[in-house]
Amino acid sequence: MPIGAIAELMTGGGVCLSFEVFPPKQAENFEAVSRAALEIAALQPSFMSVTYGAGGTTDRYTLAVAQEIQEKHGLPALAHLTCIGADRAGVRARLEILRAAGVRNIMALRGDLPEGQMPASDYPYAADLVAEIKAFGGFCVGAACYPEGHVECGSPAEDRRNLKKKVDAGADFLTTQMFFDNDLLYKFLYQIREIGISAPVAAGIMPVTNGRQIARICRLSGTYLPARFRAIVDQYGDSPAAMQQAGIVYACEQIVDLLASGVNAIHVYSMNKPAVAAAIRDNLKHLIGECAC
Ligand code: FAD
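Just to check I follow, could you spell out the pairing of strand 3 (residues 77–82) for this structure?
Residues in a regular strand point their side chains to alternate faces of the sheet. Most of strand 3 is tucked away, with 6 of its 6 residues classed as buried. Across 3 bridges, the pairing between strand 2 (residues 47–50) and strand 3 is parallel. Each bridged residue has a counterpart across the sheet, and for M48 the counterpart in strand 3 is A77. Viewed along the sheet, the connection from strand 2 through helix 3 (residues 59–73) into strand 3 turns out right-handed.

Would you take a moment to explain the pattern of salt bridges for this structure?
Here the idea is simple: oppositely charged side chains can pair when their charged atoms come close. Enumeration over the complete set of coordinates arrives at 11 salt bridges. Across the pair E31 and R35 runs a salt bridge whose closest N-O atoms are separated by 3.9 Å. On the criterion of helical spacing, the pair formed by E31 and R35 is a turn pair, its members being 4 residues apart in helix 2 (residues 30–41). According to the relative accessible area criterion, E31 is exposed, its value standing at 58%. In this structure, K285 engages D282 in a salt bridge whose closest nitrogen and oxygen atoms are separated by 3.1 Å. One salt-bridge network, held together by shared partners, links R88, R92 and E132.

Reading the values: rules and limits
Residues numbered from 1 in each chain as written. Predicted model: local features only at pLDDT ≥ 70, side-chain atom pairs only at ≥ 80, totals over all residues. Heavy atoms only, no water. Buried < 20%, exposed > 50% of the residue type's maximum accessible area, 1.4 Å probe, protein only. Helix = DSSP H or I, 4+ residues; strand = E, 2+ residues; numbered from the N terminus. Pairing = 2+ DSSP bridges. Right-handed = clockwise from strand over helix to strand, strands pointing away. Salt bridge = Lys/Arg side-chain N within 4 Å of Asp/Glu carboxyl O.

Pasting the structure below:
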């Protein structure tokens, strides 16, 4: 495992708290995103993840943001990479670039293109990309998992069997899709352990700041919204400041319950919002202490 391997931070004993940022698609937005990412990194989470536009729409900026985080804050960066429409030569070239830039952690994903286009790829599934990266060597590799099942899959049980293939291909750790009912995560963890998946799992928590938007996304992805959460959106969805405050409180409540139940790796979808990340970090300071890093 390379130095700074995220899988080791997740199993090191302390709480592993991570924040996610997404890079811009256009150069003119780079400065604002970079500033936000560095503000979030200054909160000293265990690591930061930087997403990737499916098909390579953000490749330069994913790398640039990941490098800045590592160089200016000394934190490991997890660079996402998708394989939809990718060929072997392109992926290997990308791995060379990441390695030369000092990135040691990659989140291997299939990705989605707008309007569901599925172009030919040397890697039909993320498991194929995981295997490629492990064969290349020198990277700790993460993969996505879905407590409620992936939306394209026939059943959650089949999706868990497909997840096992991804772990068998070499995924060192997993991060979940957002969920709003912790019981779904506890059940999922039990079910994947039962089929022999022992990789560490980070719970993906989304502090909701735009209630209407999240309701739409959850409808499309099949994410369950508990009545308690829907009531918050109904009450505060039209007031951005109130919704943000309620979203942060809801996310913190989820995290407190997860930590108390022994789930020590928490990944926050902080969406380039330093104020949200800071509020979560602050609300949990006595539970989290120094992050594992
Ligand atoms: P896969 O693991 O390949 O699974 C895709 C579908 O194929 C599933 O339904 C699965 O059950 C099925 N499947 C897998 N293997 C097989 C098999 N052998 N035979 C038959 N069916 C199979 N998207 C981005 O574009 N950029 C990002 O940076 C990004 N980051 C993400 C981070 C996290 C933590 C998560 C949860 C998602 C992220 N996504 C990102 C979204 C992701 O790309 C989509 O959810 C995509 O639809 C599936 O990606 P995957 O890597 O899980 O795919």
